[in-house]
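Here's the letter readout for the chains.
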Amino acid sequence: MRKPELAAAIAQNADMSKEKAGQVLNVVLDEITNSVAKGDDVALIGFGTFTVRERAARTGKNPQTGAPLEIPASKNVAFKPGKALKDAVS
């Protein structure tokens, strides 16, 4: 399912226009993005939690030459599904 399809499903289930549902979906996604960008966790009970995880700097290897290289520290977004989502998939 893509974003327009999700907006259409929201519109149908919430009895609103597709345009309004698309706006609501964009606001929700923007707020999740802004919170995670600030380093805050976003927990949607029953669905899951978005968190920022830090990866330490490490030494890697160039696959073409085999030469060692330093990989800098970085931050990544992680998602941990909630129990209701896990149960729905199982």
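Every chain's residues receive numbers from 1 upward, in the order its sequence appears when written. For a predicted model such as this one, the threshold for reporting local features is a pLDDT of at least 70, and the threshold for listing and counting side-chain atom pairs is 80 or more; totals across whole chains, interfaces and linings nevertheless cover every residue. Only hydrogens and water are set aside; all other atoms, that is, all heavy atoms of the structure, feed into the side-chain values.

### Some details on the packing of helix H1 (residues 3-14) against helix H2 (residues 18-37)
Where helices are involved, their axes are fitted lines through C-alpha atoms of the stretch in contact, as for all axes, and angles between N-to-C directions lie from 0 to 180°. We count a stretch as a helix when DSSP gives it H or I for four or more residues in a row; a strand needs E for two or more, and each element gets its number in order from the N terminus. Running from amino to carboxyl end, H1 crosses H2 at an angle of 115°, the nearest separation of the two axes being 8 Å. Where H1 crosses over H2, the two elements pack in a sense that is right-handed. In this structure, H1 uses Lys 3, Leu 6, Ala 7, Ala 8, Ile 10 and Ala 11 to contact H2, whose residues at the interface are Lys 18, Ala 21, Gly 22, Leu 25, Asn 26 and Leu 29. Residues are grouped as follows: Ala, Val, Leu, Ile, Met, Phe, Trp, Tyr, Cys and Pro are nonpolar; Asp, Glu, Lys and Arg are charged; all remaining types, including Gly, are polar. Class assignment for the residues of the contact of H1 with H2 results in eight nonpolar, two polar and two charged. Put simply, a crossing is left-handed when the front helix is turned counterclockwise from the back one by less than a right angle, and right-handed when it is turned clockwise. The contact rule is simple, with two residues in contact once any of their heavy atoms fall within 4.5 Å.

### With respect to the packing of aromatic side chains
Working definition: a ring pair exists when centres of Phe, Tyr or Trp rings (six-membered ring for Trp) sit within 6.5 Å. Plane angles under 30 degrees give stacked, over 60 give edge-to-face, the rest tilted. Counting across every chain of the model gives two aromatic pairs. Residues Phe 47 and Phe 79 carry aromatic rings whose centres are separated by 5.4 Å and whose planes lie at 50° to one another, so their mutual orientation is tilted. Highlighted residues: Phe 47 in the loop between strand E1 (42-44) and strand E2 (48-55) and Phe 79 in strand E5 (residues 74-81), separated in sequence by 32 residues. Here Phe 79 falls in the partly exposed class, since its relative accessible area comes to 35%. The rule is simple: take the accessible area with a 1.4 Å probe, protein chains only, and divide by the maximum for that residue type; under 20% is buried, over 50% is exposed, in between is partly exposed.

### Here's the deal with the sheet that holds E2
Pairing is antiparallel across the open sheet formed by three strands, whose spatial order is E1-E2-E5. Two strands in the sheet have a free side with no partner beyond their single neighbour: E1 and E5. Averaged over neighbouring strand pairs, the angle between their axes works out to 25° when direction is ignored. We call two strands paired when DSSP finds no fewer than two bridges between them. Here E1 pairs with E2 via three bridges, running antiparallel. Paired with Val 42 across the bridge in E2 is Phe 50. The sheet contacts of H2 involve E1, E2 and E5, and relative to E1 the element is tilted by about 135°.

### With respect to unusual backbone geometry
If you check the backbone angles, Asp 15 has positive phi at about 55° while not being a glycine. With respect to the secondary-structure elements, Asp 15 resides in the loop between H1 and H2. Under the relative-accessibility criterion, Asp 15 is labelled exposed at 73%.

### Quick word on the pairing of strand E3 (residues 58-61)
Pairing geometry for E3 and strand E4 (residues 68-71), over four bridges, is antiparallel. If you follow Thr 59 over to E4, its bridge partner there is Glu 70. Counted between consecutive antiparallel strands, the loop separating E3 from E4 contains six residues, among which Gly 66 sits at a positive phi close to 85°.

### Comments concerning H1
It helps to recall that an α-helix has 3.6 residues per turn; residues three or four apart then point in one direction. A helix is expected to reach a length of 1.5 Å times the quantity of its residues less one. Taking 1.5 Å per residue, 12 residues should reach 16 Å; H1 reaches 16 Å between its end C-alpha atoms and fits that length. Of the residues flanking the end of H1, it is Asp 15, one or two places downstream, whose phi is positive at about 55°.

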